[in-house]
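Architecture at a glance
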Amino acid sequence: MTTAPTSFRLRLLAPDHWPAWIGLGLLWLLSRIPYRALMMLGGGLGWVFARIPGSRRRIARRNIERCFPQLDGNARERLLEDNLRDAGRMLAEFALAWLGSKRAIARVPVHIEGLEHVAAAVAAGRGVLLTGAHFSHLELAGRLLVERGGVPLAGMYREHGDAAFEWAIRRARLRYATAMFTKYEIRACVRHMRDGGKLWYAPDQDMRGKDNVFVPFFGIPASTLTATHHLARLSGACVIPFFHRRLAGGGYELRLEPALENFPSADIENDCARINQVIERMVREAPSQYLWIHRRFKTRPPGHASFYQ
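Attention here is on the structure that accompanies the text.

1. Some words on the environment of Leu234
Among the secondary structure elements, Leu234 is positioned in helix 10 (residues 227–235). Of the residues examined, Leu234 reaches a relative accessible area of 33% and is grouped as partly exposed. For the pair Leu234 and Arg187, spaced 47 residues apart in sequence, the C-alpha to C-alpha distance is 9.0 Å.

Shown next, in the form of structure tokens:
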């Protein structure tokens, strides 16, 4: 568990880390731009990204094609275009979330509802497991919930491959998060919630490993992490769905929903299917803002053909 930034080491200034520092410098510059201008710039970056052919475009097109078969070809292409443009806004929102000042965050338009569900869990003496999905603005939504909603929040994350980038971003996150846990620190997560802590976790990515089951996501068998079931079972925490979306007129809506009833159950697969249903419902509310460029269906059940071939 990390509750304080690790000390800086001179080896992080080695030439092989210079690309990371350049990238961090560009993110810092983006974070200094006022919110509305930043979103306009992000939209422009997204327009450029949407024009670039490559594997991410093919992955997003395939995901949308299979998950929205009811849409005709033109509608799917419009959704694909909107989704790829959203990638530019995602870059801008990451910059603001990680490196933006408290004053900049205070100026972001946001509407938060459902805080009473967290308060009810606190009153009952239970921890909270906020369960959400990988929308493009997930990092910014987390910081908004902490600084604008007053919810002390820890997070789970995957470590970055570059040590300099990892050091800088972990340090940035710990400016507002109560703690950050890697995906390997399950016991520490459980202790945190047993002590009444609040943890945000998004289980909607295809992570190869033994702790997965195949349950439907948009009607497709998807390799799904069982961690939500186990974290709730071991900690006794309330599982509260956390939805967020960018509004057309600017700003964000953050919604905390009532805690899932009878969760966890004795049936792991059923619990994982319930979580996928919650996430699917969220995605249908803001489909262009979901991370379709991720290979959500890369792991297939035995005997099934490759999804992205």
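2. A short note on the packing of helix 1 (residues 18–31) against helix 4 (residues 73–99)
The contact between helix 1 and helix 4 brings their axes to 8 Å, and the two run at 85 degrees. Judged by the angle between their axes, helix 1 and helix 4 are roughly perpendicular. Contact with helix 1, carried on its side by Leu24, Leu27, Trp28, Leu30 and Ser31, involves Leu91, Ala95, Leu96, Trp98 and Leu99 of helix 4 and no other residues of that element. Taken together, the residues of the contact of helix 1 with helix 4 sort by class into 9 nonpolar, 1 polar and no charged.

3. Overview of the pattern of salt bridges
Inspection of every chain in the model, using the stated rule, returns 17 salt bridges. The shortest N-O distance in the salt bridge between Arg143 and Glu147 comes to 3.0 Å. You can see Arg143 and its partner Glu147 sitting in helix 7 (residues 138–147), 4 residues apart, about one turn around the helix. A relative accessible area of 1% places Arg143 in the buried class. In this structure Glu147 comes out as partly exposed when scored by relative accessible area, which is 24%. Residue Glu257 is joined to Arg281 by a salt bridge in which the shortest nitrogen-to-oxygen separation is 2.9 Å.

4. Some points on the pairing of strand 9 (residues 252–256)
When you tally the buried positions in strand 9, you get 5 out of 5 residues, the bulk of the element. Residues Tyr252, Leu254 and Leu256 line one face of strand 9 and the alternating positions Glu253 and Arg255 line the opposite face, and both faces are buried. For strand 1 (residues 110–113) and strand 9, the ladder comprises 4 bridges, and the chain directions are parallel. Across the sheet, the residue bridging to Val110 is Tyr252, located in strand 9. Of the pairings in the sheet, the one linking strand 8 (residues 238–246) to strand 9 comprises 5 bridges and is antiparallel in character. The residue bridging Phe243 from the neighbouring strand is Arg255, located in strand 9.

5. A short note on the nonpolar core
Nonpolar side chains in soluble globular proteins generally cluster together in the buried interior. Judged by nonpolar contacts, the single largest core of 51 residues is most densely connected at Leu96, Trp98, Leu130, Leu145, Phe242 and Tyr252. In terms of residue count, helix 4 provides more of this core than any other element does, 9 residues in total. The residues touching Leu145, leaving out its near neighbours within four places in the chain, are Ile112, Leu115, Leu130, Gly150, Val151, Leu153, Phe242, Leu254 and Leu256. One finds Leu79, Leu231, Leu260 and Phe297 within the second-largest nonpolar core, a separate group that totals 46 residues.

6. Some details on the packing of aromatic side chains
Under the criterion given, the structure shown has 18 aromatic pairs. Taking 6.3 Å as the distance between ring centres and 35 degrees as the angle between the ring planes, the aromatic pair formed by Phe217 and Phe297 counts as tilted. Linking Phe217 in strand 6 (residues 212–217) with Phe297 in the segment after helix 11 (268–285), this pair joins segments that are 80 residues apart in sequence. Phe217 sits in the buried class, given a relative accessible area of 1%. Here the aromatic residues Phe68, Phe135, Phe217, Phe218, Phe243, Tyr290, Trp292, Phe297, Phe307 and Tyr308 are joined through ring pairs into a cluster of three or more. Taking the ring centre of Trp47 as reference, the NZ or CZ of Arg51 above it sits at 4.9 Å.

7. What about a nonpolar patch on the surface?
On the surface, Trp18, Ile22, Leu26, Trp28 and Leu29 cluster together into a nonpolar patch covering about 580 Å² of accessible area. Here Ile22 lies in helix 1. Exposure remark for Ile22: the relative accessible area of 56% places this residue in the exposed category.

8. Describing the pairing of strand 5 (residues 198–201)
When a strand is regular, its side chains alternate between the sheet's two faces. Of the two faces of strand 5, the one carrying Lys198 and Trp200 and the one carrying Leu199 and Tyr201 are both buried. Here strand 2 (residues 128–131) pairs with strand 5 via 4 bridges, running parallel. Considered in strand 5, the bridge of Leu130 is made with Trp200. Pairing between strand 3 (residues 154–157) and strand 5: 2 bridges, direction parallel.

The rules behind the values
- Residues numbered from 1 in each chain as written.
- Predicted model: local features only at pLDDT ≥ 70, side-chain atom pairs only at ≥ 80, totals over all residues.
- Heavy atoms only, no water.
- Helix = DSSP H or I, 4+ residues; strand = E, 2+ residues; numbered from the N terminus.
- Buried < 20%, exposed > 50% of the residue type's maximum accessible area, 1.4 Å probe, protein only.
- Axes fitted to C-alpha atoms, helices over the stretch in contact; angles between N-to-C directions.
- Parallel < 35°, antiparallel > 145°, perpendicular 65-115°, else oblique.
- Contact = heavy atoms within 4.5 Å.
- Nonpolar A, V, L, I, M, F, W, Y, C, P; charged D, E, K, R; others polar.
- Salt bridge = Lys/Arg side-chain N within 4 Å of Asp/Glu carboxyl O.
- Pairing = 2+ DSSP bridges.
- Core = buried A, V, L, I, M, F, W, Y, C linked by side-chain atoms within 4.5 Å.
- Phe/Tyr/Trp six-rings, centres within 6.5 Å; stacked < 30°, edge-to-face > 60°.
- Lys NZ or Arg CZ within 6 Å of the ring centre and 35° of its normal.
- Patch = residues over 30% accessible without salt bridge, like charges linked within 9 Å, V, L, I, M, F, W, Y side chains within 5 Å.
- Areas by Shrake-Rupley, 256 points an atom, 1.4 Å probe, with all protein chains shown as cover.

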